[in-house]
Amino acid sequence: MKYFLYTFLFVMISCSVPSKKSEIKTEIETEIETETTEEKIPEAVIEKEEIIEKVKHQLIVVLKNPNSINNVKSLVQNSGLTWNETAYDTDVAKIGIVEIPTEKIDFWKNKLQESNEFSTIEKHSDETLTALINKEKNILLRIQKTPCFGDCAVYTLSIDKKGNVTYNGSANVLEKGIREFILTSDQLEYIIKTLAKKDFSEFKKVYDNPNISDLPSTFIAHNGKQVQIRLWNNIPDELIEVHEYVEGILLDKKFFK
């Protein structure tokens, strides 16, 4: 009986004392879990910070002439910059993302603007990119006039589907820079009806005679297609009519002579 009592007490004491091996294992597992958690959080934060920092090093560029995309990419590459991606790509509009040195954002913004290849250059942000893409999707008509060796008016004009007009005068105009105004309901209706007279897709992409030099180009874009006119000979009446009507509005506003 005495022996049995000693045995019972020994078993009870053994059960109440935690295993040293279990304690060590638990401590090690806890340390591993803690280290793993500590490692995962900084990696996620670092990755997010890298993305934000990368965006700070980028410019959004909107091409004046979407057909010059290859020349623009060469210009960017030859300048020591990187064409990151084409964020929006249609026949009438192309928007790109260009990577630049962070300490020279303003410098390269001005340099790229001097190339006269871009209608818009902005510091990259998701909000800005979305706004520019939505703006392109909402364009009803765009007209662009390029330089010549003389005093040809150089400007870009866009009209959205609600009649909001954005004009940007570059050279040989009375009003330089960006000007905005709203068409009257009659003006907007006339432009819409003129554009509807003929399917824009039926026009040629280029009206030109390459043998004649020193002719400026007029680019007219509508409904997913852009038409380039250098030689105003045998041009469809619908193109002439909408071009003259819009220029008449600008002349009335004395944007150029």
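The structure this text deals with has already been given above.
Residues numbered from 1 in each chain as written. Predicted model: local features only at pLDDT ≥ 70, side-chain atom pairs only at ≥ 80, totals over all residues. Heavy atoms only, no water.

Our next topic: the sheet that holds strand β11 (residues 225-229). Here seven strands make up an open sheet; going across it, the order is β8-β7-β6-β5-β10-β11-β9 and the pairing mixed. Of all the strands in the sheet, the pair left with one neighbour each is β8 (177-182) and β9 (206-207). Across the sheet, helix α6 (residues 185-195) touches β5 (139-145), β6 (154-160) and β10 (218-222), and the angle it forms with β5 is around 85°. Across the sheet, helix α7 (residues 237-252) is in contact with β5, β6, β7 (164-171), β8, β9, β10 and β11; its angle to β5 comes to roughly 80°. (Pairing = 2+ DSSP bridges. Helix = DSSP H or I, 4+ residues; strand = E, 2+ residues; numbered from the N terminus. Contact = heavy atoms within 4.5 Å. Axes fitted to C-alpha atoms, helices over the stretch in contact; angles between N-to-C directions.)

What follows is about the packing of aromatic side chains. For the structure on display, the rule yields seven aromatic pairs. Arranged with centres 5.8 Å apart and planes meeting at 35°, the rings of Y155 and Y167 form a pair that is tilted. In this pair, Y155 is assigned in strand β6 and Y167 in strand β7, connecting sequence segments 12 residues apart. Like Y167, Y155 is buried. Of the aromatic side chains, those joined through ring pairs into one cluster are Y155, Y167, F181, F255 and F256. For K104, the ring lying beneath its charged end belongs to F107, and the centroid distance is 5.8 Å. Positioned over the ring face of F181 is K253, at 4.4 Å from the centre of the ring. (Phe/Tyr/Trp six-rings, centres within 6.5 Å; stacked < 30°, edge-to-face > 60°. Buried < 20%, exposed > 50% of the residue type's maximum accessible area, 1.4 Å probe, protein only. Lys NZ or Arg CZ within 6 Å of the ring centre and 35° of its normal.)

Counting 29 residues, the largest nonpolar core has L141, I191 and L239 as its most contacted members. Sorting the residues of this core by element identifies β5, β6, β7, α6, β11 and α7 as the ones contributing at least two each. For this core, the element with the highest residue contribution is α7, accounting for five residues. Sequence-distant contacts of I191, that is, excluding residues within four places in its chain, are made with L140, L141, I159, L183, V242, Y245 and V246. (Core = buried A, V, L, I, M, F, W, Y, C linked by side-chain atoms within 4.5 Å.)

Quick look at the pairing of β7 now. Pairing of β6 with β7, which is carried by six bridges, proceeds in the antiparallel orientation. The residue of β7 that forms the bridge with T156 is N168. Taking the residues between adjacent antiparallel strands as the criterion, β6 and β7 are bridged by three residues, where G163 takes a positive phi near 95°. Here six bridges tie β7 to β8, and the two strands are oriented antiparallel to one another. Among the inter-strand pairings, V165 is bridged to a residue of β8, identified as F181. Taken together, β7 and the strand that follows it, β8, pair antiparallel across an intervening segment of five residues, in which N172 is found at a positive phi of about 55°.

On to the pairing of β6, then. With seven of seven residues buried, β6 is to be regarded as a mostly interior element. Of the two faces of β6, the one lined by V154, T156, S158 and D160 and the one lined by Y155, L157 and I159 are each fully buried. Judged from the six bridges that link them, β5 and β6 form a sheet pairing that is antiparallel. From the neighbouring strand, L141 faces β6, where its bridge partner is I159.

It is at 9 Å that the axes of α6 and α7 come closest, and there the two elements cross at 160°. Accordingly, the angle class assigned to the pair α6 and α7 is roughly antiparallel. As α6 packs across α7, the resulting crossing turns out to be left-handed. Taking contact as the criterion, the partners of D186, Q187, Y190, I191, T194 and L195 in α6 are, on α7, E238, E241, V242, Y245, V246 and I249. Residues belonging to the contact of α6 with α7 are distributed by class as follows: seven nonpolar, two polar and three charged. (Parallel < 35°, antiparallel > 145°, perpendicular 65-115°, else oblique. Left-handed = near helix turned anticlockwise from the far one by under 90°. Nonpolar A, V, L, I, M, F, W, Y, C, P; charged D, E, K, R; others polar.)

This is a description of form; function is not addressed.
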